[in-house]
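Here is how the chains run, residue by residue.
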Amino acid sequence: MKDILDAIMASESTAADFAALSLPESYRAITVHKDEAGMFEGVDSRAKDPRKSLHLDEVPVPELGPGEALVAVMASSVNYNSVWTSIFEPVSTFGFLERYGRLSPLTKRHDLPYHVIGSDLSGVVLRTGPGVNLWKPGDEVVAHCLSVELESADGHDDTMLDPEQRIWGFETNFGGLAEIALVKSNQLMPKPRHLSWEEAAAPGLVNSTAYRQLVSRNGAGMKQGDNVLIWGASGGLGSYATQFALAGGANPICVVSSPQKAEICRRMGAEAIIDRTAENYRFWKDEHTQDPKEWKRLGKRIRELTDGEDVDIVFEHPGRETFGASVYVTRKGGTIVTCASTSGYNHEYDNRYLWMSLKRIVGSHFANYREAWEANRLIAKGKIHPTLSKTYRLEETGQAAHDVHRNVHQGKVGVLALAPEEGLGVRDAELRARHIDAINRFRNV
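Only a predicted model underlies this, so the values are computations on that prediction, with no experimental measurement involved. (Residues numbered from 1 in each chain as written. Predicted model: local features only at pLDDT ≥ 70, side-chain atom pairs only at ≥ 80, totals over all residues. Heavy atoms only, no water.)

Before going further, it helps to examine the packing of aromatic side chains. Counted by the stated rule, this structure contains twelve aromatic pairs. Measuring from centroid to centroid gives 6.4 Å for Trp84 and Phe170, while their planes differ by 55°, and the two rings are tilted. Of this pair, Trp84 sits in helix H4 (residues 80–87) while Phe170 is found in the loop between strand E8 (166–167) and strand E9 (180–184), placing the two residues 86 residues apart along the sequence. Across the pair, Phe170 and Trp84 agree in class, each one buried. (Phe/Tyr/Trp six-rings, centres within 6.5 Å; stacked < 30°, edge-to-face > 60°. Helix = DSSP H or I, 4+ residues; strand = E, 2+ residues; numbered from the N terminus. Buried < 20%, exposed > 50% of the residue type's maximum accessible area, 1.4 Å probe, protein only.)

Counting buried positions over the eight residues of strand E1 (residues 26–33) gives six, a clear majority of the element. Taken together, the six bridges between E1 and strand E2 (residues 55–60) define a ladder with antiparallel strand orientation. Pairing of Thr31 across the sheet is with His55, part of E2. When E1 meets strand E4 (residues 114–116), the two strands line up antiparallel, connected through three bridges. Counterpart to Val32 in the pairing with E4 is His115. (Pairing = 2+ DSSP bridges.)

A few words now on the packing of helix H7 (residues 204–215) against helix H13 (residues 369–380). Two numbers describe a pair of packed helices, the interaxial angle and the distance between the axes. The N-to-C vectors of H7 and H13 enclose an angle of 115°; their axes lie 9 Å apart at closest approach. Looking at the two axes, H7 sits roughly perpendicular to H13. Here H7 runs over H13; the crossing is right-handed. From H7, Asn207, Ser208, Tyr211 and Arg212 reach across to H13, where they touch Glu371, Ala372, Glu374, Ala375, Asn376, Leu378 and Ile379. Across the contact of H7 with H13, the residue classes break down as five nonpolar, three polar and three charged. (Axes fitted to C-alpha atoms, helices over the stretch in contact; angles between N-to-C directions. Parallel < 35°, antiparallel > 145°, perpendicular 65-115°, else oblique. Left-handed = near helix turned anticlockwise from the far one by under 90°. Contact = heavy atoms within 4.5 Å. Nonpolar A, V, L, I, M, F, W, Y, C, P; charged D, E, K, R; others polar.)

Okay, the nonpolar core next. Generally speaking, nonpolar side chains in soluble globular proteins are found buried as a group. Ranked by size, the top nonpolar core spans 64 residues in total, and within it Leu121, Val183, Leu188, Leu214, Cys265 and Phe366 carry the most contacts. Considering every element that reaches this core, the biggest residue donor is H7, with five residues. Those residues in contact with Phe366, other than ones at most four positions away along the chain, are His144, Cys145, Leu146, Met160, Ile167, Gly204, Leu205, Ser208, Thr209 and Arg212. Counting residues in hydrophobic clusters, the runner-up holds 28 residues, among them Leu21, Val116, Val124 and Leu424. (Core = buried A, V, L, I, M, F, W, Y, C linked by side-chain atoms within 4.5 Å.)

Applying the stated criterion across every chain, the model contains 32 salt bridges. Of the charged contacts in the structure, one is a salt bridge between Asp6 and Lys2, with a shortest N-O distance of 2.8 Å. Highlighted residues: Asp6 and Lys2, both in helix H1 (residues 2–9), separated by four residues, approximately one helical turn. Judged by relative accessible area, which is 36%, Asp6 ranks as partly exposed. Among the ionic pairs, Arg434 bridges to Glu430, the shortest N-O distance being 3.8 Å. (Salt bridge = Lys/Arg side-chain N within 4 Å of Asp/Glu carboxyl O.)

A separate point is the sheet that holds E1. On the basis of which strands lie adjacent, the open sheet formed by three strands has the order E2-E1-E4 and antiparallel pairing. Across the chains shown, the open sheet's two edge strands, defined by having one partner strand only, are E2 and E4. Along the sheet, successive strands turn relative to each other by an average axial angle of 60°, direction set aside. Along the sheet, helix H5 (residues 94–101) makes contact with E1 and E4, crossing E4 at roughly 90°.

Bringing H4 into the picture now. Residues spaced three or four apart along an α-helix point in a common direction, a consequence of the helix completing one turn every 3.6 residues. By the criterion of burial, H4 is predominantly enclosed, with seven of the eight residues buried. Listing the buried residues of H4 in full gives Asn81, Ser82, Val83, Trp84, Thr85, Ser86 and Ile87. Where H4 ends, the next residue or the one after it, Phe88, has phi of about 60°, a positive value.

A few words on the environment of Ala15. The residue Ala15 is located in helix H2 (residues 15–20) in this model. Separated by 340 residues in sequence, Ala15 and Trp355 have C-alpha atoms that sit 58 Å apart.

For Glu198, the position within the fold is in helix H6 (residues 197–201). Separated by 218 residues in sequence, Glu198 and Leu416 place their C-alpha atoms 6.5 Å apart. Those residues within four positions of Glu198 in sequence are excluded, and the remaining contacts are Ala75, Leu388, Thr391, Leu416, Glu421, Glu422, Gly423 and Arg443. Polar contacts involving the side chain of Glu198 include one to the side chain of Ser196, which spans 3.0 Å. (Polar contact = N/O pair within 3.5 Å; in protein donor to acceptor, adjacent residues only side chain to side chain.)

Before going further, it helps to spend a moment on helix H10 (residues 292–305). With 14 residues, H10 should cover 20 Å at 1.5 Å per step; its first-to-last C-alpha distance of 20 Å lies within 8% of that length. Following H10 by one or two positions, Asp307 has its phi on the positive side, about 60°. (Expected span 1.5 Å × (residues − 1).)

Attention now goes to unusual backbone geometry. Look at the link from Glu89 to Pro90: it is a cis peptide, with omega at -10°. In the Ramachandran plot, Phe88 falls in the positive-phi region, its phi being about 60° despite a non-glycine side chain. Residue placement: Phe88 occurs in the loop between H4 and H5. Note on Phe88: relative accessible area 8%, which makes it buried. A positive phi angle, close to 60°, is found at Asp307, a residue other than glycine. Counting through the fold element by element, Asp307 comes out in the loop between H10 and strand E16 (311–316). According to the relative accessible area criterion, Asp307 is exposed, its value standing at 79%.

Attention now moves to the side chain of Thr391. Along the chain, Thr391 falls in strand E19 (residues 388–393). In contact with Thr391, not counting residues within four places along its chain, are Glu198, Gly414, Val415, Leu416 and Glu422.

Let's shift gears to the packing of H7 against helix H8 (residues 238–247). Orientation of H7 relative to H8, taken along the N-to-C sense of each, is 50°, at an axis distance of 9 Å. Considering their axes alone, H7 and H8 lie oblique with respect to each other. In this structure, H7 crosses over H8, and the sense of that crossing is right-handed. For the pair H7 and H8, contact is made by Val206, Asn207, Ala210, Tyr211, Leu214 and Val215 and by Tyr240, Ala241, Phe244 and Ala245, respectively. When its residues are assigned to classes, the contact of H7 with H8 shows nine nonpolar, one polar and no charged.

Pasting the structure below:
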């Protein structure tokens, strides 16, 4: 690995230099183990500790197949799917790997007794397989997490509809929380030149997810002037939704849980902010009963912030805890767009407020390749900025996942893989200088 890192750190290294490097037989990776999938049985979700289930292992470099690339990972980040993998909820990811392994002799590589996790990376291409023409060794890249086979007609209008659509590093093996990752070549995108390795690795999954969910015609199709209610507006996902709303001429109504998170939203440029903790919203009377009075109180508060208007779009991802309120507060003909359920998967709402007011619920999952490319392009141009707040070393990934699981983080939590320290990899210092305050916005809270 030292020769690979030396080549990356040397500014004069060429594609031929990278192609001539010998690949190591193994690399360090963050894994979960199949024989530990039952370790948290009977434990409440909140009490499950990723530090106990995530391991730093030395694993063999996987075989490179057609249309694939091996990437030296300089940095990665922690997403909620890494947390779900680490606590084996809602199911063990080894079921995903087993099903993928049955697809073909090549995918059989993924069905292993360990799972290398992680759905983000920034790094450098080391090798490409047969049929790869766009990328070459030495290219500095980031990767989005959509893995598709595209043998069915279903995926050719929107690749997210491919029957074999999977999330890399969650439903496939050889993910980005490692020193080397295996990706399909159509997951690769150019690394934004003004960002460090850890900054470039942070947006991928959440930025693309927010773009499709809020901006794309496959999601809410946000337009200028829309009022957009954003749950968790300073978090890993919501912070990008807030930026997209502001950049697109919409009016974000940011829901947060502390004064510190409210301040982050103000720094992004948002003005309408609801601190749900300070205002003591309790949407559930008990485990089984919601409180419509609290929905109405939230709706009234929103109208105080919007000159009497209801929201056109609700950017939903908490799920069970908030979904009833989200359906209620959306304006007649409005849209609730949902991409996750971090507080629970079984959503309950009063259907009268949906059908009689002609509202829509839209499911949104990650992004297709074009949407991911467009979202990354906005990062590269300095229109949207990473929301990195803290960075850990690879061996500290368990603690990073614990922070995300307990919601004690701001924005995104990064992980250094091969990068020896923060701040490396910047190629466009001039563009960086123009946006340095926005780049550091989440670090300086």
